[in-house]
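# Per-entry structural report
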Amino acid sequence: MMRISTAWMYQQSVNTMLNQQSELAQTQNEVSTGLAINVASDNPVGAAQVVGLNHILAENTTYTSNNSSATTRLSTETSTLSSVSNLLSSVNDIALGAINSAMSSSDLSNMATELTQYRDQLVQLANTTDANGQALFAGTSSTTTPFVMDSNTGAVTYAGNDQQSFTAIGSGLKVANGDPGSSIFMNLPAGNGSFVASAGSGNTGTLVVGANSVTDASAWSAATASGPINDTITFGANGAYTVTDANGNPVTDSSGNPITGTYTDGGSISFDGTSIAMSGTPAAGDTVTVQSDTASNTQDVFTTLNNMIAALQSGGSTASINNTLNRQLESLNTAMDSVSTTQVAVGSRMDTLQQQSSSDADLNVTYQSALSDVQNVDMATAISNLSLQSTALQASQQVFAKVQGTSLFDYLQS
């Protein structure tokens, strides 16, 4: 027969109550915090999962914040480019009005003043900053004012760089949050994008070079296969003309015959796949140069406006002014195309940001749900356990109180 000592019985009762108190305290902590894991020892495997999920959520929060910042910045760029597009359209209307209407010197001067205001406004738009004061069109040199204008000459120089800045919006996913101003406003092809046809500065007739383009891509490719062209159309008496290259040699057709002809007012001259419309009457000796667009044959949009302003203020002949304005309108159209292309690219990036934002929101819900499953307590179960454990502890305490008060004399008296 096993003998049970009073001390052992007391110790067992105390141990039972201490264990119950510990379990009750842990359940109370779970109910008060709402967490099933308050320290790593509660559930080592679950605690590791919590650390990993919190890391993922923090990373996702960073990507969401980056997405929001990039969206705000690109929205500002979209608005700015829209303003630039509207401004260049107004400049186009003024130049066309000067060409197509009979204007007095006073009218031309007023137009020049208006274009000057547009040029200054364009510089301001090109120097637009985002909500953080960083330049939109400075490349990665966003703390620099990218476009600097000489107040005396109106010439504008670019102080930014040609690089594009990016924002990380997901694991391995980056989106450009801006565009270098050099590609939008500065390094633009002169002329129609393929070549520039310009009336000679020393012309004395009334010849005006109008619209021109490549009409035969195959012939143009053949003519420029060995390098860019630099040809000159030279007029003789009664509109007769010849075409020579940069070395003064005759330019020939596909049959090897020198290109010659007779121009009439309102007609065009075509060779090497090009078509050059003209109006007016050339004097003997007048020339028109035809030069390929090359990397060195570029013109920024600010120079385009300055050339228009200078032509309107020149007091020169109608033919001279119109020739200048026609060439600058070609450059202006190239600038407008550049702005339009950038607008499309920015719109595509904003679509990407919107899609990623939706994906981030969905992922955040998924990660939060997974974290809740691991970390959060089932409140209904915890409260039920709390009630049961509290009742059990109270019962243990009452039993111990009765056992503690029992003695041999109580047995003898019974």
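Residues numbered from 1 in each chain as written. Predicted model: local features only at pLDDT ≥ 70, side-chain atom pairs only at ≥ 80, totals over all residues. Heavy atoms only, no water.

## Here we look at the sheet that holds strand S11 (residues 274–279)
Taken in spatial order, the three strands of this open sheet run S6-S11-S10, and their pairing is antiparallel. The open sheet has two edge strands, strand S6 (208–214) and strand S10 (268–271), and neither has a second partner. Averaged over all adjacent pairs, the angle separating strand axes in this sheet is 20°, with direction ignored. Strand direction decides the pairing type here: S6 and S11, joined by five bridges, are antiparallel. Paired with Val209 across the bridge in S11 is Met278. (Pairing = 2+ DSSP bridges. Helix = DSSP H or I, 4+ residues; strand = E, 2+ residues; numbered from the N terminus. Axes fitted to C-alpha atoms, helices over the stretch in contact; angles between N-to-C directions.)

## Points about the sheet that holds strand S8 (residues 240–244)
Ordered in space as S5-S12-S7-S8-S9, the five strands form an open sheet in which the pairing is antiparallel. Strands with a single pairing partner mark the edges of an open sheet, and in this sheet they are strand S5 (195–199) and strand S9 (260–262). Put simply, the sheet's adjacent strands are angled 20° from each other on average, direction ignored. Pairing of strand S7 (residues 230–235) with S8, which is carried by four bridges, proceeds in the antiparallel orientation.

## A few points about the packing of helix H3 (residues 105–126) against helix H6 (residues 301–313)
One way to put it is that H3 packs onto H6 with a least axis distance of 8 Å and a crossing angle of 165°. Relative to H6, the element H3 is oriented roughly antiparallel. In the crossing of H3 with H6, the sense of the turn from one axis to the other is left-handed. Across the interface between the two elements, Leu108, Ser109, Met111, Ala112, Leu115, Thr116, Tyr118, Arg119, Leu122, Val123 and Ala126 from H3 touch Val301, Phe302, Leu305, Asn306, Met308, Ile309, Leu312 and Gln313 from H6. Of the residues contributing to the contact of H3 with H6, the split by class is 14 nonpolar, four polar and one charged. (Parallel < 35°, antiparallel > 145°, perpendicular 65-115°, else oblique. Left-handed = near helix turned anticlockwise from the far one by under 90°. Contact = heavy atoms within 4.5 Å. Nonpolar A, V, L, I, M, F, W, Y, C, P; charged D, E, K, R; others polar.)

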